[in-house]
Amino acid sequence: MAQWNDYHHEDEDVDGEERDESGVDYKSTGRDSLVFLVDASKEMFIKGEDEEPSPFDMTMQCVRSVYTSKIISSDKDLVALVFYGTEQSKNPRNSFKHVYIYHDLDSPGARRVQDVDGLRGEKGAQVAGETMGSGNTNLGEALWCCSNLYSDIKLRLSHKRLMIFTCRDTPHGGDSERDRQARTKASDLKETGVVIDLMHLMKPGGFDVSLFFCDVVSPPEDEAELGLQMEPCGKLEDLKKRVRAKEMKKRSVARLNLCLGEGMNVAVGVYITALQARKPNAIKLYRDNNEPVRTKTRLYHTQTGSLLLPSDTKRVQVYAGRQIVMEKDEVDVIKKFSDPGLELIGFKPMERLKLHHHLRSAVFIYPEEEMVTGSACVFTALLRRCSVRNVFALCKYTRIRNSPPRFLALVPQREEVDDGQAQIAAPGFHGIFLPYADDIRTLDTPQLPTASEPQVDKMKEIVHKLRFKYRSDAFENPVLQQHYRNLEALALDLMAPEHIEDHTMPNVNMMDQRLGSLAQEFRDLVYPADYNPEGKTGPKRKPAEAAGGAEKKPKLEMSEDELRGHVQKGTLGKLTVPVLKDACKQFGVKVTGTKKQELIDALTAQLTK
């Protein structure tokens, strides 16, 4: 028998803690796939003003960023790189002219990253010109070639996406027949579940999406999806943000019913807004072939050695010195408190929600129209009324079957967009995890001396001088960054990993310049005149009063009658180990070990002879 929490079976649900929410049941299973369809025309190689990188160079840097992120985060996903408008052709049987498949649809690796690095910069542009060149454009055949890439994959794909990178708003130069063929093939791709996105880049005179690409690009999958952006990308960072917003598939932790009353249920999805980044777990490999080691757990009877089935095991909980034996079904019933879902309890003013009520990172609640028709309409109405009245909704939240219920404060958030009509904040509720009464502790604050008014004023000046605007995205975890740089250097056979700048370390020189003499003035107000903060601490041991070293505690000798009395009463266990050792030395008792029970047994055997 074992403690009922000591082991879990595959069909058991775990507690819904934050660390467990990264492994969730996704809406669709399988691998994600992404195809980069890049324009290789001469216009893509023209540099911008002030020696800014060319659209082709920006695209290659963006492709490399996605490759490396896929290797780290989801190396099972499939990625392909295809160029159109090339002079040379490279595809199966060269069926499509002016289409060059640089990378087939496969998992990213170190070799592919090195290939993309060879296409970056001025040297990369020369290599691209020599390898592929620039020729006529037929986007319809390029889309047909990409369709064949998807059809040749025998694996199950959960999400298929195609990104077009170009700086030409009329790729066929006004050829209506080729435009019609491209629109038709794009429509066929969208019917097979391929999502087509446009990552248009800056060009002289502006990029007019309405001329051609508005009929090619797929519409947003839902209201939370980033739609077609009218303004082109002029900077690399803007391009990376758009690609990342499209490339990262939004997956819900859970899809639940939000019960607003008797018979009134709204389907919602629960999303993680922030998750702690950790180093990936180490994977054990076979020494011979470097294949991952798969572990299996089997339970055997300790006496007979026979294999135990799950029905042969019991759960045990020790209570009041007794072992309470339970079946697995009984344990499941004990763990289950309520069915998964969100249940509305009431509404509270926003000022009742305090900062110390936030137990952990919040979740985001968004409607799921596919599960229950009309959920988006009811959800939007609830969101607007809560926002207008400045209240939050208090709900009981049960994520999975065996998880304990929690109280959630649903804080409304209205949609926000920037100048380019790109969504900054999605409409929905932030679910704030509230504490129970047992979670709030009353601490006895120590009584410390109160600072004087001049000391407080001087510290206010110091705080004012050292203030700065904090942004969480400006600080990366240096340990994680160094870990991934080391892996990247090993995978790409680099001589040394890329240097990581630790932004968490304080800038001492800048702090000294800002403070000036304030630090010394504050030190004079608080500390005595002879205080030396950089001096050595005093000696840890007190010097002996007399010559001969430090004082030692006198040994406590015990008579034989006292020891025999402890033996007769059975109270030798009350004596400490040092006292028992001294007693053994005093009476010449030989001891083989130094444990307390061994000392007691040796003394008892000696004194009972």
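Quick caveat, the model's predicted, so the values are computed rather than measured. (Residues numbered from 1 in each chain as written. Predicted model: local features only at pLDDT ≥ 70, side-chain atom pairs only at ≥ 80, totals over all residues. Heavy atoms only, no water.)

On to the overall build of the protein chain, then. Of regular secondary structure, the protein chain possesses 15 helices and 17 strands. Per-residue burial over the protein chain gives 34% buried out of 609 residues. The contacts in the protein chain between residues at least 6 apart in sequence include a share of 69% that link residues at least 24 apart. With an accessible surface of roughly 39,800 Å², the protein chain has 50% of that area assigned to carbon and sulfur atoms. (Helix = DSSP H or I, 4+ residues; strand = E, 2+ residues; numbered from the N terminus. Buried < 20%, exposed > 50% of the residue type's maximum accessible area, 1.4 Å probe, protein only. Contact = heavy atoms within 4.5 Å. Areas by Shrake-Rupley, 256 points an atom, 1.4 Å probe, with all protein chains shown as cover.)

Within strand β12 (residues 363-367), 5 of the 5 residues are buried, which leaves it mostly tucked inside the rest of the structure. Of the two faces of β12, the one carrying Val363, Ile365 and Pro367 and the one carrying Phe364 and Tyr366 are both buried. Taken together, the 5 bridges between strand β8 (residues 264-272) and β12 define a ladder with antiparallel strand orientation. By the bridge assignment for β12, Gly269 is matched with Tyr366. Two strands pair when backbone bridges link them, and β12 and strand β17 (residues 428-434) are joined in this way by 3 bridges, in the antiparallel orientation. By the bridge assignment for β17, Val363 is matched with Gly431. (Pairing = 2+ DSSP bridges.)

Looking at the element boundaries, Ser403 is found in the loop between β13 (391-398) and β14 (406-413). Within the structure, Ser403 has its side chain in polar contact with the backbone nitrogen of Arg399 (distance 3.4 Å). (Polar contact = N/O pair within 3.5 Å; in protein donor to acceptor, adjacent residues only side chain to side chain.)

The strands that make up a sheet pair up through hydrogen bonds in the backbone, lying either parallel or antiparallel. A sheet is described by the order of its strands in space; here 5 strands give the open sequence β4-β3-β2-β5-β6, paired in mixed fashion. Each end of this open sheet is capped by a strand with a single partner; those strands are β4 (99-106) and β6 (194-200). With strand direction ignored, the average angle separating the axes of adjacent strands in the sheet is 15 degrees. Here strand β5 (residues 157-166) pairs with β6 via 7 bridges, running parallel. Bridge pairing links Thr166 to His200 in β6. (Axes fitted to C-alpha atoms, helices over the stretch in contact; angles between N-to-C directions.)

On to the layout of surface pockets. Approximately 420 Å³ is the volume attributed to the second largest pocket. Residue composition of the lining of the second largest pocket, grouped by class: 9 nonpolar, 2 polar and 6 charged. (1 Å grid on protein atoms, 1.4 Å probe; cavity = no way out; pocket = protein on both sides within 12 Å on 5 of 7 lines; lining within 4 Å. Points joined across faces, edges and corners; volume = space filled by probe spheres on them. Nonpolar A, V, L, I, M, F, W, Y, C, P; charged D, E, K, R; others polar.)

Turning next to the sheet that holds β12. Strands sit in the order β7-β8-β12-β17-β14-β13-β11 around a closed barrel of 7 strands; the barrel is mixed. Strand after strand, the sheet turns through a mean of 40 degrees between neighbouring axes, direction not considered.

Here we take up the packing of aromatic side chains. Two aromatic rings, taken as a pair, are described by how far apart their centres are and by the angle between their planes. Throughout the structure, instances matching the rule amount to 13 aromatic pairs. Plain terms: the ring middles of Phe96 and Trp144 are 5.8 Å apart, the flat faces sit at 50 degrees to each other, and that makes the pair tilted. Pair noted here: Phe96 is in the loop between β3 (78-84) and β4 and Trp144 is in helix α4 (residues 139-151), with a separation of 48 residues, a long-range link. A relative accessible area of 46% means that Trp144 is categorised as partly exposed. Plain terms: the ring middles of Tyr470 and Phe475 are 5.6 Å apart, the flat faces sit at 20 degrees to each other, and that makes the pair stacked. An aromatic cluster is present here, built from Phe45, Phe56, Phe83, Tyr100 and Tyr102 joined pairwise through their rings. In this structure, Lys160 is placed above the aromatic ring of Tyr150, and the distance from its NZ or CZ to the ring centre is 5.9 Å. Lying across the ring of Phe433, Arg360 places its NZ or CZ 4.1 Å from the centre. (Phe/Tyr/Trp six-rings, centres within 6.5 Å; stacked < 30°, edge-to-face > 60°. Lys NZ or Arg CZ within 6 Å of the ring centre and 35° of its normal.)

Attention now goes to the nonpolar core. Among the nonpolar cores identified, the biggest contains 31 residues, and Leu37, Leu139, Leu162 and Ile164 are the most heavily contacted of them. Secondary-structure elements contributing two or more residues to this core are β2 (31-39), β3, β4, α4, β5, α5 (176-191) and β6. With 30 residues, the next largest nonpolar core counts Met58, Tyr67, Ala128 and Leu201 among its residues. (Core = buried A, V, L, I, M, F, W, Y, C linked by side-chain atoms within 4.5 Å.)

Moving on, we come to the pattern of salt bridges. In this structure the tally under the stated criterion is 17 salt bridges. The closest approach of N and O atoms between Asp175 and Arg178, which form a salt bridge, is 3.9 Å. Of the residues examined, Asp175 reaches a relative accessible area of 32% and is grouped as partly exposed. The class of Arg178 is partly exposed, set by a relative accessible area of 29%. One salt bridge in this structure joins Asp439 and Arg406, with 3.7 Å as the shortest N-O distance. Highlighted residues: Asp439 in the loop between β17 and α9 (453-465) and Arg406 in strand β14, separated in sequence by 33 residues. Judged by its relative accessible area of 23%, Arg406 is partly exposed. Here the salt bridges share partners, and the residues they tie into one network are Arg64, Asp117 and Arg120. (Salt bridge = Lys/Arg side-chain N within 4 Å of Asp/Glu carboxyl O.)

Mapped onto the elements, Gln455 comes out in helix α9. Residue classification places Gln455 among the buried positions, given a relative accessible area of 18%. A distance of 3.0 Å separates the side chain of Gln455 from the backbone oxygen of Leu525, its partner in a polar contact. Aside from chain neighbours lying at most four places away, what touches Gln455 is Phe522, Leu525 and Val526.

Our focus in this paragraph is the packing of α9 against helix α12 (residues 518-526). At a minimum axis separation of 10 Å, α9 and α12 run at an interaxial angle of 155 degrees. Here α9 is positioned roughly antiparallel relative to α12, judged by the angle of their axes. Both α9 and α12 take part in a crossing whose hand is left-handed. Residues Pro454, Gln455, Lys458, Met459, Glu461, Ile462 and Lys465 of α9 form the contact with α12, whose participating residues are Leu518, Glu521, Phe522, Leu525 and Val526. Here the contact of α9 with α12 is built from residues that sort into 7 nonpolar, 1 polar and 4 charged. (Parallel < 35°, antiparallel > 145°, perpendicular 65-115°, else oblique. Left-handed = near helix turned anticlockwise from the far one by under 90°.)

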